Amino acid sequence: MAPLITVDRLTKDYRLTVRREGVKGGIVDLVRPRKRILRAVDEVSFTIDPGEMVGYIGANGAGKSTTIKVLTGILTPTSGEVRVGGLVPYRQRQSYTRHIGVVFGQRTQLWWDLAVVESFRLLQRIFEVPEDRYRSQMAFFAELLGIDEFLNQPVRKLSLGQRMRCDLAAALVHEPRVLFLDEPTIGLDVVAKENVRGFLRRARDTLGVTVILTTHDLGDIEQLCRRVIIIDHGKVLYDGLLEDLRRGPGHRLRLCLDLAEPVTAAALAAATRDLPVQWESDGAHRHCALFSRAETTAAAILSRVLAAHRLRDMALTEPAIEDVVRRIYREGLQPGQEANLE
Amino acid sequence: MNGIQLAAGPQRTRWQRAGWQLQIIVAYFAQFLKTRLVYRVDFLVDLAANLVAVGVQLATLTVLFDKVTALKGWSFEQVLFIYGFSLLPLGLFNLISINIYSFAEHYIADGNLDRVLLRPVNPLAQVLFESFNVSGLNEIMLGAGIMGYAAVALELRPGPWDIAVFAVLVPSAALVYTAVFLGLAAVSFWFEDRLGLAPPIYNVIRFARYPLTIYGRGVQAFLTFVLPFAWVAYLPATWFVGGPDVRRWAMCTPLVGVLVMALAYTVWRAGLRRYTSTGS
């Protein structure tokens, strides 16, 4: 399948003005500003296929928002190229906006003083949505987002959760091919987050929209995206399946055993001496084995332990995605994961 | 590579596109009126505040003319006419394009420009017409009242030609206002609002409500060629109340409006390019 979005060696520099101090400094700044160049995005390349839902994650200032602004046509890159369905966003911006929907979690795209329904009517006019398409879209939003409950309220009176639901609907009313979401669950409570995530899943499946999602909430990524791109200091650190990230050799699973009789950690280590396992003990009955999927399996460990001991209970936990990502930031990629880098 | 090819948008000629954008502007305006009708009390409060402000300024004029019967050859009624006339384009500007006045704060600092750039409508058209300020209607009504009173007192007998000229001069003068503040808005792409020029320049408008001949040559030249507020009231109004020697300049108002607007739009375009290349 040919990609819908192609980002090729995208680089974006900001020229920052470094302010001088005091009144005199302020005047000097006006005449002869002191500039510093900050490379926000550094030779970033990736492609995204139609219908994909990709998580684009990174710490604050990693270059996420800059990438999104270039992809949505708001910013022109310093070098490199972006193509979305054959269009270059920042060169054909006005035509291009008809094919994309954008949600900035921290700012509404709606008109603050207008009733929600009036905002939608204006968007219908601006994006020239035929009446029948408009009606079916609104019915879809009413069913999945429940926005029909507050269609007649002005946007400024909505709660954050309600506003976000409206913003999602507003971004999709013209049936865009690509949806850009910048922190769509920021500030929402657990229930509202679940609503948004559920809606995004349905929107992808029903509308076939391609989604790029930036977020701090890795729960969003876990629930929505198979693929993640991790960016740090403007460079792509990882681009691949979330699952591979988790199964990588650097990320260890934890198999916790509750044994019927007291056992020492040394005894368990002896029983599994042929396996690359590290034991942690929590009392005489409870012991946890840390291991990597790439090196051994839970079954192998269990069979060694069960040969000598009686088991009461057990639990296998995946590494939390937060831990995985934190580890990547801290240590970079493990050798086995570099294959995933383009 | 046979990827998905997105359409470049509806094919329209330049004029069709302009017509379509105009429809959007009308839709914005209709929406705005609807919301404002909800706040009738606000409207009345605005009206009262405006009446008081204009009343104070008129009282100043009356006191002034109590002492002197004429001001550098201008009678009280003539001054009143120019004053009333000045409120019409100002009201039009306030009604339609006041958004441009707070551009640096509302669009650049608050990030609303990004939202504007995500829509398939000319960014300037969106900024100018996205919201309206009803108090502009008060100024228009007051101005019309004052000007009408002065016209009756002066026993002006406007012919059809004068009315046609009037209908051209008022929007032209409003265009001058819009162009000046568009230019200031465009400058804020470079300086953000660190210069804070808009409020002091808005205050200069007050000087332009009187016959410019009451000021020194330097001020007259400044208001005619640098900050062209001579063209928002005094010069166009002289068509109706001025002597033949100043009157001919009135007809240059539309030309000045278009020129200043073209200049401001060029700066705006450059500023917008800078914004999209720097993101600040």
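Cut-offs applied
- Residues numbered from 1 in each chain as written.
- Chains lettered and ligands numbered in written order.
- Predicted model: local features only at pLDDT ≥ 70, side-chain atom pairs only at ≥ 80, totals over all residues.
- Axes fitted to C-alpha atoms, helices over the stretch in contact; angles between N-to-C directions.
- Helix = DSSP H or I, 4+ residues; strand = E, 2+ residues; numbered from the N terminus.
- Parallel < 35°, antiparallel > 145°, perpendicular 65-115°, else oblique.
- Left-handed = near helix turned anticlockwise from the far one by under 90°.
- Contact = placed C-beta atoms within 7 Å.
- Domains from an automatic or database assignment.
- Pairing = 2+ DSSP bridges.
- Buried ≥ 20, exposed ≤ 12 C-beta atoms within 10 Å, placed from the backbone.

(A) Layout of the packing of helix α5 (residues 131-145) of chain A against helix α6 (residues 160-172) of chain A. Residue and element names in this part refer to chain A. Contact geometry of α5 with α6 gives a least axis separation of 11 Å together with a crossing angle of 155°. Compared by their axis directions, α5 and α6 come out roughly antiparallel. Handedness of the α5/α6 crossing: right-handed. On α6, the residues that touch Q137, F141 and L145 of α5 are R165, L168, A169 and L172.

(B) Structural view of the interface of chain A and chain B. Taken together, the 35 residues of chain A in the interface contact 25 residues of chain B. Mapped onto the side of chain A that touches chain B, the elements with two or more residues apiece are β1 (5-18), α3 (93-96) and α4 (116-126) of chain A. Here the element with the most residues in the side of chain A that touches chain B is α4(A); it accounts for four residues.

(C) Spotlight on the domain arrangement of chain A. Here chain A is partitioned into domain 1 (5-245) and domain 2 (252-318). With centres defined by C-alpha atoms, the gap from domain 1 of chain A to domain 2 of chain A works out at 45 Å.

(D) Representation of the sheet that holds strand β5 (residues 100-104) of chain A within the structure. All names here are of chain A. The strand order across the open sheet built from six strands is β5-β6-β7-β3-β8-β9, with neighbouring strands paired in mixed fashion. The open sheet has two edge strands with one neighbour each: β5 and β9 (235-241). Averaged over all neighbouring strand pairs, the angle between strand axes comes to 15°, with direction disregarded. Helix α2 (residues 64-71) contacts β3 (53-57), β6 (178-182), β7 (210-214) and β8 (227-232) of the sheet and is inclined by roughly 150° relative to β6.

(E) Inspection of the sheet that holds β1(A) at higher detail. Residue and element names in this part refer to chain A. On the basis of which strands lie adjacent, the open sheet formed by three strands has the order β2-β1-β4 and antiparallel pairing. The open sheet is flanked by β2 (34-48) and β4 (79-84), the only strands paired with a single partner. Strand-to-strand twist across the sheet, computed as the mean angle between neighbouring axes with direction ignored, equals 30°. Bridge analysis of β1 against β4 gives five bridges, and the strand direction is antiparallel.

(F) View of unusual backbone geometry. All names here are of chain A. Phi angles above zero are rare outside glycine, and E43 is one such case at about 50°. Take E43: it is sitting in strand β2. Positive phi outside glycine occurs at H233, with the angle close to 50°. Relative to the helices and strands, H233 is located in the loop between β8 and β9. You can call H233 partly exposed: it has 15 C-beta atoms within 10 Å.

(G) Structural context of the pairing of strand β12 (residues 286-292) of chain A. All names here are of chain A. As judged from the seven bridges shared by strand β10 (residues 252-259) and β12, these two strands associate in the antiparallel manner. By the bridge assignment, D258 is partnered in β12 with R286. Here five bridges tie strand β11 (residues 278-282) to β12, and the two strands are oriented antiparallel to one another. Each bridged residue has a counterpart across the sheet, and for W279 the counterpart in β12 is A289. Once β11 ends, the chain turns through three residues before running back antiparallel as β12, passing G283 with a positive phi of about 90°.

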